[in-house]
Amino acid sequence: MKIEFYQSQIPSDEILAGIKGGPDGALVLFDGIVRDNTRGRQTLYLVYEAYEAMALEQMRSLANQVLTKFAVRDVVLVHRLGRLEIGETSVLIAVASAHRGAAFEACRWLIDTLKKTVPIWKKEHFVDGAVWADGEPFPEAIVPTALPVQLG
Amino acid sequence: MQVQVLYFGVLKDVLRRNCEQIDLGADASVDDLLSRIRTLQPVSGLPWNSLAIAVNKFYVQRDHLLADGDEVALLPPVSGGCEASECAA
């Protein structure tokens, strides 16, 4: 299991070479990369920041849950921080398993859950200004929707 | 008692600080802390009720009681990974 933040480029090839094992029949990879626009607005670069100590704990917890919930053998979950240029990898998830079904499911669950619960934020720098990306609402267990929406 | 408050994302920009120490009365809850911050920093446009709160790196609810020396993080909705609208589809 590999859980880590990178301040410079994620060494994807090296990481992928390291995860394959003899019992594996499938390796599913999710490579999240920086796109050149958001809804047509031209992006110059992104800056990611995290509450690192908590985010690492959360990422470890997600990886451990995957090993328990799905029939997979090993997991890599790494995320880049700092300034990223167009086309660079922001998040790399790899799941190794005997069979492809479990590996696909686990990989999808990891990226979807990471995006909702792990304290990482992205500031998008466009040609005409910068803005913190709208995150998805937290799951009910973390922030109950019973709280009235309040702009103060 | 005194707690260490950490700000992230848009909060850090709008409140113009990463962290600060805040004094509270005994038996103060997370809600009490948020009220205190909003009194100290009367800024507009922050989605206070969409924030998640972590105490000592664990998510807690608004009625959680704080203790002297706690590290309390105010976390806007997260946006790691790739672009939200594409990945969530």
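Here, residues in each chain are numbered from 1, in the same order as that chain's written sequence. Ligands are numbered from 1 and chains lettered from A, in the order in which they are written. Side-chain atom pairs in this predicted model are given and counted only at pLDDT of 80 or more, local residue features only at pLDDT of at least 70, and totals for whole chains, interfaces and linings cover all residues.

Glancing now at the overall build of chain B. Counting its secondary structure elements, chain B contains three helices and five strands. The helix and strand sequence of chain B, counted from the amino end, reads β-α-β-α-β-β-β-α. In terms of principal-axis extent, the alpha carbons of chain B reach across some 45 × 25 × 20 Å. A total of 89 residues make up chain B; the buried ones form 35% of that total. Across chain B, contacts joining residues at least 24 apart in sequence account for 52% of those joining residues at least 6 apart. A run of DSSP states H or I qualifies as a helix once it reaches four residues; a run of E qualifies as a strand once it reaches two. Both are numbered from the N-terminal end. Put simply, a residue is buried when 20 or more other C-beta atoms lie within 10 Å of its own C-beta and exposed when 12 or fewer do; between those, it is partly exposed, and each C-beta is set from the backbone. Each residue is represented by a C-beta atom placed from its backbone, and any two residues with such atoms within 7 Å are regarded as in contact.

Now for the interface of chain A and chain B. By a widespread convention, an interface's size corresponds to the accessible area lost as its parts come together. Each partner contributes residues to the interface: chain A has 37 residues there, and chain B has 29 residues. Listing elements by their share of the side of chain A that touches chain B, those giving two or more residues are β2 (26-33), α2 (52-69), β7 (89-97), α3 (100-117) and β8 (120-126) of chain A. In the scheme used here, Gly and all other residues not listed as nonpolar or charged are polar, with Ala, Val, Leu, Ile, Met, Phe, Trp, Tyr, Cys and Pro taken as nonpolar and Asp, Glu, Lys and Arg as charged. A per-class count over the side of chain A that touches chain B returns 21 nonpolar, eight polar and eight charged.

Once that is clear, we can look at α2 of chain A. How far a helix is expected to stretch is found by multiplying one less than its residue total by 1.5 Å. Over its 18 residues, α2 of chain A runs 25 Å from end to end, which matches the ideal 26 Å to within 8%, given 1.5 Å per residue. Among all positions in α2 of chain A, only Met54, Ala55, Gln58, Met59, Leu62, Ala63 and Val66 of chain A are buried.

Our next topic: the nonpolar core. As used here, a nonpolar core is made of buried Ala, Val, Leu, Ile, Met, Phe, Trp, Tyr and Cys residues. They are joined through C-beta atoms within 7 Å. Counting 58 residues, the largest nonpolar core has Ile93 and Val95 of chain A together with Leu74 and Leu75 of chain B as the members making the most contacts within it. Val95 of chain A has contacts with Val28, Val72, Val75, Ala103, Ala106 and Cys107 of chain A, leaving out every residue within four places of it along the chain.

Residues and elements named next belong to chain B. A pair of strands is treated as paired once DSSP finds two or more bridges between them. Ordered by their spatial adjacency, five strands build an open sheet running β2-β1-β5-β3-β4, and the pairing between neighbours is mixed. Either end of the sheet is taken by a strand with one partner, and the two such strands are β2 (19-23) and β4 (58-60). Taken pair by pair, the neighbouring strands of this sheet meet at an average axis angle of 35°, ignoring direction. Inspection of the sheet shows strand β3 (residues 52-55) paired to β4 by three bridges, in the antiparallel sense. Across the sheet, Ile53 pairs through a bridge with Val60, a residue of β4. Structural elements are reduced to axes, namely lines fitted to C-alpha atoms, with helices fitted over the stretch in contact, and the angle between N-to-C directions of any two is expressed from 0 to 180 degrees. Strands in contact with helix α2 (residues 30-40) are β1 (2-7), β2, β3, β4 and β5 (71-75); relative to β2, the strand with the most contacts, it is inclined by about 110°.

All names here are of chain A. Residue placement: Thr89 occurs in strand β7. For Thr89, a count of 19 C-beta atoms within 10 Å translates into the label partly exposed. Taking the C-alpha atoms as reference points, Thr89 and Arg35, 54 residues apart in sequence, are found 9.9 Å from one another. When near neighbours in sequence (up to four residues on either side) are disregarded, Thr89 contacts Ile10, Ser12, Asp31, Gly32, Ile33 and Arg80.

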